[in-house]
Amino acid sequence: MNLPNKLTLARVILIPVFMIFLAIPPLSSAIGDTLTRVIAAVLFILISLTDMLDGKIARARHLVTDFGKFLDPLADKMLVFSACLGILVFEERVRPVFVWAAAVVMFRELAVTGLRMMVAGKSNLVVAASWLGKIKTTTQIICVSTTLLEPVVFGSWCDFFNTYRPLTYLSIAVMTVMTVWSGANYFVTYWKVLDPEK
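Counting restarts for each chain, with residues numbered from 1 along the sequence as it is written. This being a predicted model, a pLDDT of at least 70 is required before a residue's local features are given, and a value of 80 or more before pairs of side-chain atoms are given or counted; all residues contribute to the totals for chains, interfaces and linings. Side-chain measures were taken over the full set of non-hydrogen atoms in the model, leaving aside hydrogen atoms and water.

A. Layout of the overall build of the chain. Along the chain, the regular secondary structure elements total 8 helices and 0 strands. By definition, any uninterrupted DSSP run of H or I lasting at least four residues is a helix, any uninterrupted run of E lasting at least two residues is a strand, and each is numbered from the N terminus. The linear arrangement of helices and strands in the chain, starting from the amino end, is α-α-α-α-α-α-α-α. With respect to the three principal axes, the spread of C-alpha positions in the chain is 55 × 40 × 25 Å. With a 1.4 Å probe rolled over the protein chains alone, any residue whose accessible area is under 20% of its type maximum counts as buried; one over 50% counts as exposed, and the rest are partly exposed. Across the 198 residues that make up the chain, the buried fraction comes to 41%. For the chain, contacts bridging at least 24 residues in sequence account for 78% of all contacts bridging at least 6. Residue exposure ignores everything except the shown protein chains as possible cover, and the areas themselves are Shrake-Rupley values with a 1.4 Å probe. For the chain, the exposed surface amounts to about 10,900 Å²; the carbon and sulfur share of it is 73%. Between the centroid of the 18 positive side chains of the chain and the centroid of its 13 negative side chains there is a distance of 7 Å. Contacts are assigned to residue pairs with any non-hydrogen atoms lying within 4.5 Å of each other. The sign given to each residue is positive for Lys and Arg and negative for Asp and Glu; His and the chain ends receive no count. By convention, charge coordinates are those of NZ in Lys, CZ in Arg, CG in Asp, or CD in Glu.

Next up, the structure:
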C-alpha cells in the first residue's frame, strides 16, 4: 500500500462523503444551500486533484502496481458517475439539460472502458489516456464545479447568473462535446484492433 494507492483509496472513501452533500436534501436545508454547494465543490475538486497526483507520483517514483491499475480507473468512473447522479438530484434548474449530458458521459466512460478491456485482451496493449481524454477530464471537473458554484459566486450580486446559469450551460456543452470527441477518437484509433469481422 504505497502512497499513490493510499491516495486512490482515499479518493474512493471521499466519494460517498461528496455524494452526501448532493443527494440528501434535508442536509441542504439544515446547513443552507450555499454552504452545501461550497463543501460539495471543494470535496469534488480535492478528489479530482488526488486523481492527478497519484498517477504522477506513481510514475515518477516507479510505484505502479496491479492494485493501482485496477483501482485508479475504477475510482475515476465512480467519481464521474457520482457527480453526474448527484447533480441530477441536487440541481433541479439544469436537470432537463444535464440529464442528456450525464447520459453521454456515462455511455462514453463505459464504452471506452469496454474498449480498453478488449484491446488489452486481444493484443496486450494498454490504452493510455490521450490528450483529448485529459482535456475531457478537465472539462468534467470545470462543469461540475461551475454547476455547483455559479449561483454562489455570481448569484449574490447578479441575479441573471442565478436565474439563467449561462456559465453552467456553457460548461455542460463543452464537456459534452469533449466527451463525444475523445470517445470517438479512442474508437477510431483502436478500430483495427477490434476487427468487427471476427
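B. The pattern of salt bridges, seen in detail. By convention in these notes, a salt bridge is any Lys or Arg side-chain nitrogen within 4 Å of a carboxyl oxygen on Asp or Glu. One pass over the full model with this rule turns up 10 salt bridges. Between D54 and R11 there is a salt bridge, with the nearest N and O atoms lying 2.6 Å from each other. A residue pair is termed long-range when its members are at least 10 positions apart, and D54 in helix 3 (residues 33-60) and R11 in helix 1 (residues 3-23) qualify at 43 residues. Residue D54 shares its accessibility class with R11, and that shared class is buried. Put simply, R11, D51, D54, D72 and D76 are held in one network by salt bridges that share partners.

C. Structural context of the environment of T139. Inspection of the secondary structure puts T139 in helix 6 (residues 131-153). Residue T139 is classed as buried on the basis of its relative accessible area of 10%. Sequence separation between T139 and I24 is 115 residues, and the spatial gap between their C-alpha atoms is 26 Å. In this structure, T139 is in contact with V174, M175 and M178, ignoring residues within four places of it in sequence.

D. Fine view of the nonpolar core. Remark: nonpolar core denotes a set of buried residues (Ala, Val, Leu, Ile, Met, Phe, Trp, Tyr, Cys) joined through side-chain atoms within 4.5 Å. Core analysis: the biggest nonpolar cluster contains 28 residues, and F18, F44, C84, F98 and L148 have the highest contact counts within it. Among the elements of the structure, helix 1, helix 3, helix 4 (66-90), helix 5 (95-123), helix 6 and helix 8 (166-194) are those that each provide at least two residues to this core. Ranked by residue count, the leading element in this core is helix 4, at 7 residues. Membership of the second largest hydrophobic core comes to 6 residues, among which are V112, L115, V119 and L194.

E. The arrangement of unusual backbone geometry in detail. Even without a glycine there, the phi angle at H62 is positive, about 55°. Note that H62 resides in the loop between helix 3 and helix 4. Residue classification places H62 among the exposed positions, given a relative accessible area of 72%.

F. Inspection of the environment of T34 at higher detail. Looking at the secondary structure, you find T34 in helix 3. Between the C-alpha atoms of T34 and V153, which are 119 residues apart in sequence, the distance is 9.6 Å.

G. Representation of the side chain of T146. Along the chain, T146 falls in helix 6. Beyond its immediate chain neighbours, meaning those up to four positions away, T146 contacts L167, T168 and S171.

H. Local environment of the packing of helix 1 against helix 3. Only the stretch in contact is used when fitting a helix axis, every axis being a line fitted to C-alpha atoms; angles between N-to-C directions are given from 0 to 180 degrees. Contact geometry for helix 1 and helix 3: axes closest at 9 Å, N-to-C directions at 165°. Judged by the inter-axis angle, helix 1 sits roughly antiparallel to helix 3. For the crossing formed where helix 1 meets helix 3, the hand is left-handed. Our angle categories are set so that under 35 degrees counts as roughly parallel, over 145 as roughly antiparallel, 65 to 115 as roughly perpendicular, and the remainder as oblique. Each crossing gets its handedness from the near helix: less than a right angle anticlockwise from the far helix is left-handed, clockwise is right-handed.

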